[in-house]
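# Working through the structure, step by step
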Amino acid sequence: MSRPAPLSRSVAALASMELRLALRRGENLLVMILIPVAVLVFFSGSGIIPLAGGHAVDFLLPGSMALAIIATSLVNLGIATSYDRSYGVLKRLGGSPLPRGGLVAAKLIAVLAIEIVQVALLFATAALVLGWSPTAGSSAATAFALVVLGVVLGTPAFAGLGLLLAGRLRAEATLALANGLFLAFLMLGGIVLPLDHLPSWLATLAGLLPANALADVFRAALGSSAANLPADLANLAVWGGVTAGLAARTFRWE
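Everything numeric in this text was worked out from a predicted model, so none of it was measured. (Residues numbered from 1 in each chain as written. Predicted model: local features only at pLDDT ≥ 70, side-chain atom pairs only at ≥ 80, totals over all residues. Heavy atoms only, no water.)

## Considering the environment of Asn76
What counts here: Strands here mean DSSP runs of E at least two residues long; helices mean DSSP runs of H or I at least four residues long; both are numbered from the N terminus. Exposure categories follow from relative accessible area, calculated using a 1.4 Å probe and restricted to protein chains: below 20% of the type maximum is buried, above 50% is exposed, and the middle band is partly exposed.
Note on placement: Asn76 falls in helix α3 (residues 56-86). You can call Asn76 buried: its relative accessible area is 8%. Taking C-alpha positions, Asn76 is 7.8 Å from Ala22, a pair spaced 54 residues apart along the chain.

Structure (structure tokens):
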């Protein structure tokens, strides 16, 4: 009598499949890979970013890293999961020996793998194309630790939001809303426009968004700004806890 594969092997196999499926979708690659790089290159060379001093790339690289996390955790994961649910894929997987927690773990592993590639590509683009170099300040170990912490806290914040949409709405509604949120975070999340250039009421609202907190954590890591790290990390932790908790409570698998 055959026995189910170990949980770790099953999760790894499904994560590998999730990665292959994500890379086969041209629209996913556009959102996840090309748009963050295009935002970095275009706005760094356009001269339209209103900065008091320094180079635009110093502000835009951390913002583009945050945008990459949003694209993968919210847009890609949310839309792909909503269509898996719509087509009955999740229902079939739910009947497999792999527990639901394993399904979620596999999806998150695939998301993190893509994010590592995205961040590496953005660093390479900034350094080789735009002439960026780290700002003198914190040590490389501290910078690396903060980048990792930002990814670890930022991914659940946006993945939870994506799964919250995917688990309650029709696939078409999730597609529209996830892309709408992506644009809203791009414009209001401190990614391409400093918050102090927004109207005061809008800047206050934007300061509560996880996009701004994530971009600020990355800016602190790279030495381009003195962010309020405790507040930003707490912001991401709260968003992650609330959205992931709501997604877990309300998610419908079919």
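Continuing now.
## Quick notes on the packing of aromatic side chains
Our working rule: Stacked, edge-to-face and tilted are the three classes for Phe, Tyr and Trp ring pairs, Trp counted by its six-membered ring, which pair at centre distances within 6.5 Å; planes under 30 degrees apart are stacked, over 60 edge-to-face, the rest tilted. Counting as a charge over the ring demands two things of the Lys NZ or Arg CZ atom: a distance within 6 Å of the ring centre and an angle within 35 degrees of the ring normal.
Following the criterion strictly, the structure yields four aromatic pairs and no others. A ring pair is formed by Phe42 and Phe43, whose centres lie 5.0 Å apart and whose planes are at 85 degrees; its orientation type is edge-to-face. Relative to Phe185, the ring of Phe158 has its centre 5.4 Å away and its plane inclined at 85 degrees; by these criteria the two rings are edge-to-face. Highlighted residues: Phe158 in helix α6 (residues 140-166) and Phe185 in helix α7 (residues 171-188), separated in sequence by 27 residues. Per residue, the accessibility class of Phe158 equals that of Phe185, and both read buried. Positioned above the aromatic ring of Phe59 is the side chain of Arg219, whose terminal nitrogen or guanidinium carbon lies 3.8 Å from the ring centre.

## So, the packing of α6 against helix α9 (residues 210-222)
Our working definition: Whenever a helix is involved, its axis is fitted only over the stretch in contact; in every case the axis is a line through C-alpha atoms, and angles between N-to-C directions fall within 0 to 180 degrees. Roughly parallel means an angle under 35 degrees; roughly antiparallel means over 145; roughly perpendicular covers 65 to 115; every other angle is labelled oblique. Two residues form a contact once any of their heavy atoms are found within 4.5 Å. Gly counts as polar in this scheme, as do all residues outside two lists: the nonpolar Ala, Val, Leu, Ile, Met, Phe, Trp, Tyr, Cys and Pro, and the charged Asp, Glu, Lys and Arg.
Where α6 contacts α9, the two axes come as close as 8 Å, and the packing angle between them is 170 degrees. Taken together, the axes of α6 and α9 lie roughly antiparallel to each other. On α9, the residues touching Ala143, Leu146, Val147, Gly150, Val151, Gly154 and Phe158 of α6 are Pro210, Ala211, Leu214, Val217, Phe218, Ala220 and Ala221. By residue class, the composition of the contact of α6 with α9 is 12 nonpolar, two polar and no charged.

## Re a nonpolar patch on the surface
Basically, it comes down to this: In this scheme, patches are assembled from residues that exceed 30% relative accessible area and form no salt bridge. Like charges are connected within 9 Å, while nonpolar side chains (Val, Leu, Ile, Met, Phe, Trp, Tyr) are connected within 5 Å. Only the protein chains shown count as cover for residues, and all accessible areas are computed by the Shrake-Rupley method using a 1.4 Å probe. Salt bridge, as used here, is a side-chain nitrogen of Lys or Arg placed within 4 Å of a carboxyl oxygen of Asp or Glu.
Nonpolar side chains collect at one region of the surface, where Val41, Leu128 and Val129 lie side by side and expose about 310 Å² of accessible area between them. Overall, the relative accessible area of 32% leaves Val41 in the partly exposed class.

## Digging into the nonpolar core
As a reminder of what qualifies: Note on terminology: a nonpolar core comprises buried Ala, Val, Leu, Ile, Met, Phe, Trp, Tyr and Cys residues joined through side-chain atoms within 4.5 Å.
Within the largest apolar cluster, 53 residues are counted, with the highest numbers of intra-cluster contacts made by Leu61, Met65, Ile70, Leu74, Phe158, Phe185 and Phe218. Among the secondary structure elements, those contributing two or more residues to this core are α2 (26-46), α3, α5 (100-128), α6, α7, α8 (200-206), α9 and α10 (229-250). For this core, the element with the highest residue contribution is α3, accounting for 15 residues. Ala15, Leu103, Ala166 and Phe251 belong to the second-largest nonpolar core, a separate cluster that totals nine residues.

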